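Residues per chain are reported as follows:
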Amino acid sequence: MPLLNLTSLTPATFILAGIPGMEKSHIWISIPFCSMYLSALLGNGVLLFVIRTERSLHQPMYLFLSMLAIADLMLSTTTVPKMLALFWFSAGEISFGACLTQMFFLHFSFSAESLILLAMAFDRFVAICYPLRYTAVLTQSVILKTGLVALLRSFCIIFPCIFLLKRLPFCGHNVIPHTYCEHMGIARLACADISINVLYGLAVPFAAIVVDVVLIALSYVLILLALLRLPSRTARHKAFSTCGSHLCVILLFYVPAFFTVLTHRFGQEIPHHVHILLANLYVLFPPLLNPVVYGVRTQQIKEKVVKVFVCPKSHLLQE
């Protein structure tokens, strides 16, 4: 018997079905999704521009915030344009290679953002617990290396998923009941055992994220202990307020992520279209709200935004 040529069972294209059961509402759903995406582009773009142009913001906290904004833009831009094309023009067809590329950058940006949030927690830990050593510990070199580590770790975790998917045969099943390509959504279409994909997809990326969450929690436990040792209530409040924005961003990132994962794995009674809507909102909410949180809660950023965009003439005169 001749050997089966698995490459012939690799589909040329996949079909993204959108939100199953809500096809007639795609146009209406696209309106808030498009509005949120454009707002995310504007908010993160303004944040990056202000931090880039204002030298006073070239500090570790704001450089990490720039990395977070870039990861947010990657997370949303990887998925939303194709999603809107699907909603508006029924352009659900996507090549096998493009689907794998979208899957890679989706999971890559998620992993990178998680590590950046860990780096921001370490920044707050050093700033509050060891303020005199802050500039010595968080140097430009350390910040650059942190960014490189985030890229390298994310690449090493997600890149094997491409090979795990490329080895699978697909027997004519090419409709993905989703608005974008993700690892297990593609793997479930295969006509072969996908236990390795399930194991790797759950164990490795999930373990990395859990490690990040544990280390972030440990950082804030140490920060809380340091704050309780401060003699003045005003000093405690002022020190903890510097962590408020970061805590909000952490909740915006991890709570929907874990909720989506848990409902996807254990919420079999939840309708499928609800799962898809939650997954779509997840790639939109953090990129949309992160710049708002930091813009509202961080006085330095508010002042610089006003300085650059509201009072540009006075800004130029001061220079």
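Residues numbered from 1 in each chain as written. Predicted model: local features only at pLDDT ≥ 70, side-chain atom pairs only at ≥ 80, totals over all residues. Heavy atoms only, no water.

Colleague: Can you walk me through the pairing of strand 1 (residues 13-16) in this structure?
Modeller: Residues in a regular strand point their side chains to alternate faces of the sheet. Where burial is concerned, the two faces of strand 1 differ: the one with Phe14 and Leu16 is buried and the one with Thr13 and Ile15 is not. Sheet analysis places strand 1 next to strand 2 (residues 93-95), joined by three bridges and oriented antiparallel. Note on strand 2: the bridge partner recorded for threonine 13 is serine 95. Of the pairings in the sheet, the one linking strand 1 to strand 3 (residues 175-176) comprises two bridges and is parallel in character. Residue pairing for strand 3: leucine 16 is matched across the bridge by isoleucine 176. (Buried < 20%, exposed > 50% of the residue type's maximum accessible area, 1.4 Å probe, protein only. Helix = DSSP H or I, 4+ residues; strand = E, 2+ residues; numbered from the N terminus. Pairing = 2+ DSSP bridges.)

Colleague: Explanation requested: the state of the cysteines in the structure shown.
Modeller: In protein structure, a disulfide is the covalent linkage between the sulfur atoms of two cysteines. One pass over the structure, following the stated rule, counts two disulfides. Cysteine 99 shares a disulfide with cysteine 181; S-S distance 1.9 Å. For the disulfide bridge between cysteine 99 and cysteine 181, the dihedral angle about the S-S bond is near -115 degrees, and by the sign convention the bridge is left-handed. Taken together, the residues span a long stretch of sequence, with cysteine 99 in helix 3 (residues 96-129) and cysteine 181 in the loop between strand 3 and helix 6 (183-187) at a distance of 82 residues. Per residue, the accessibility class of cysteine 99 equals that of cysteine 181, and both read buried. Put simply, cysteine 171 and cysteine 191 are joined by a disulfide, and their sulfur atoms are 1.7 Å apart. (Disulfide = S-S within 2.5 Å.)

Colleague: How should I be thinking about the UniProt feature "transmembrane region" (unreviewed entry) in the protein in this particular structure?
Modeller: UniProt tags residues 27-50, 62-80, 142-165, 209-228, 240-262 and 274-294 as "transmembrane region" (unreviewed entry). Split by type, residues 240-262 is 100% helix and 0% strand. Its first and last C-alpha atoms lie 31 Å apart. From the first C-alpha to the last, residues 274-294 spans 30 Å; its make-up is 90% helix and 0% strand. (UniProt positions renumbered as here; feature names shortened; annotations may be inferred.)

Colleague: Explanation requested: the packing of helix 1 (residues 26-53) against helix 10 (residues 285-297) in the structure shown.
Modeller: Packed helix pairs are characterised by how far apart their axes lie and by the angle those axes make with each other. The N-to-C vectors of helix 1 and helix 10 enclose an angle of 40 degrees; their axes lie 8 Å apart at closest approach. As the angle between them shows, helix 1 and helix 10 are arranged oblique. Like other packed secondary-structure pairs, helix 1 and helix 10 cross with a definite hand, here left-handed. Mapping the contact onto sequence places Met36, Ser39, Ala40, Gly43, Asn44 and Leu47 in helix 1 and Phe285, Pro287, Leu288 and Pro291 in helix 10. Of the residues that constitute the contact of helix 1 with helix 10, the class distribution is seven nonpolar, three polar and no charged. (Axes fitted to C-alpha atoms, helices over the stretch in contact; angles between N-to-C directions. Parallel < 35°, antiparallel > 145°, perpendicular 65-115°, else oblique. Left-handed = near helix turned anticlockwise from the far one by under 90°. Contact = heavy atoms within 4.5 Å. Nonpolar A, V, L, I, M, F, W, Y, C, P; charged D, E, K, R; others polar.)

Colleague: Before we go on, may I ask you to explain the confidence of the model for the protein in this structure?
Modeller: Caution applies to low-pLDDT regions: their predicted coordinates should not be interpreted in detail. Chain-level statistics for the protein give a pLDDT mean of 87 and a share of 92% at 70 or above. Across residues 1-7, where pLDDT falls below 50, the model places three contacts with residues more than four positions away in sequence or in other chains. (pLDDT = per-residue confidence, 0-100.)

Colleague: Quick question: what am I supposed to make of helix 11 (residues 299-310) here?
Modeller: A turn of α-helix holds 3.6 residues, and therefore any two residues three or four places apart point the same way. Over its 12 residues, helix 11 runs 15 Å from end to end, which matches the ideal 16 Å to within 8%, given 1.5 Å per residue. Within the sequence span of helix 11, burial applies to Ile301, Lys304 and Val308. Projection of helix 11 onto a plane perpendicular to its axis shows the buried side chains occupying an angular sector of 70 degrees, all on one side. (Expected span 1.5 Å × (residues − 1). Arc of directions from axis to C-beta.)

Colleague: Help me out: how do you make sense of the packing of aromatic side chains in this one?
Modeller: Here the structure, examined in full by the defined rule, presents 18 aromatic pairs. Relative to tyrosine 254, the ring of phenylalanine 253 lies with its centre 4.9 Å away and its plane at 85 degrees, an arrangement referred to as edge-to-face. Classification of phenylalanine 253 by relative accessible area gives buried; the value is 0%. Ring centres of phenylalanine 253 and tyrosine 282 lie 6.1 Å apart, and the angle between their planes is 50 degrees; this geometry places the pair in the tilted category. (Phe/Tyr/Trp six-rings, centres within 6.5 Å; stacked < 30°, edge-to-face > 60°.)

Colleague: It is not clear to me how the sheet that holds strand 2 should be interpreted in this structure. Could you clarify?
Modeller: Backbone hydrogen bonds are what pair the strands of a sheet, in a parallel or an antiparallel way. One open sheet holds the three strands; their spatial order is 2-1-3, and the pairing between them is mixed. Two strands lie at the open edges of the sheet, namely strand 2 and strand 3, each paired on one side alone. Contacts between helix 3 and the sheet are confined to strand 1, strand 2 and strand 3, with strand 2 contributing the most and set at about 85 degrees to the helix.

Colleague: Would you mind showing me how to read the packing of helix 3 against helix 5 (residues 140-166) here?
Modeller: Here helix 3 crosses helix 5 at 145 degrees, and the two axes come no closer than 8 Å. Crossing of helix 3 over helix 5 shows right-handed handedness. Of the residues assigned to the contact of helix 3 with helix 5, the class counts are 19 nonpolar, five polar and two charged.

Colleague: Help me understand the pattern of salt bridges in this model?
Modeller: Side chains bearing opposite charge may pair, as long as their charged atoms lie close to each other. Taken as a whole and judged by the stated rule, the model has two salt bridges. The closest approach of N and O atoms between aspartate 123 and arginine 124, which form a salt bridge, is 2.7 Å. Summarising the burial analysis for this pair, aspartate 123 and arginine 124 share the class buried. The closest approach of N and O atoms between aspartate 212 and arginine 153, which form a salt bridge, is 2.8 Å. Residue aspartate 212 is found in helix 7 (residues 195-228), and its partner arginine 153 is found in helix 5; the two are separated by 59 residues along the sequence. Residue class for aspartate 212 comes out buried when judged on its relative accessible area of 1%. Its relative accessible area of 19% is what places arginine 153 among the buried residues. (Salt bridge = Lys/Arg side-chain N within 4 Å of Asp/Glu carboxyl O.)

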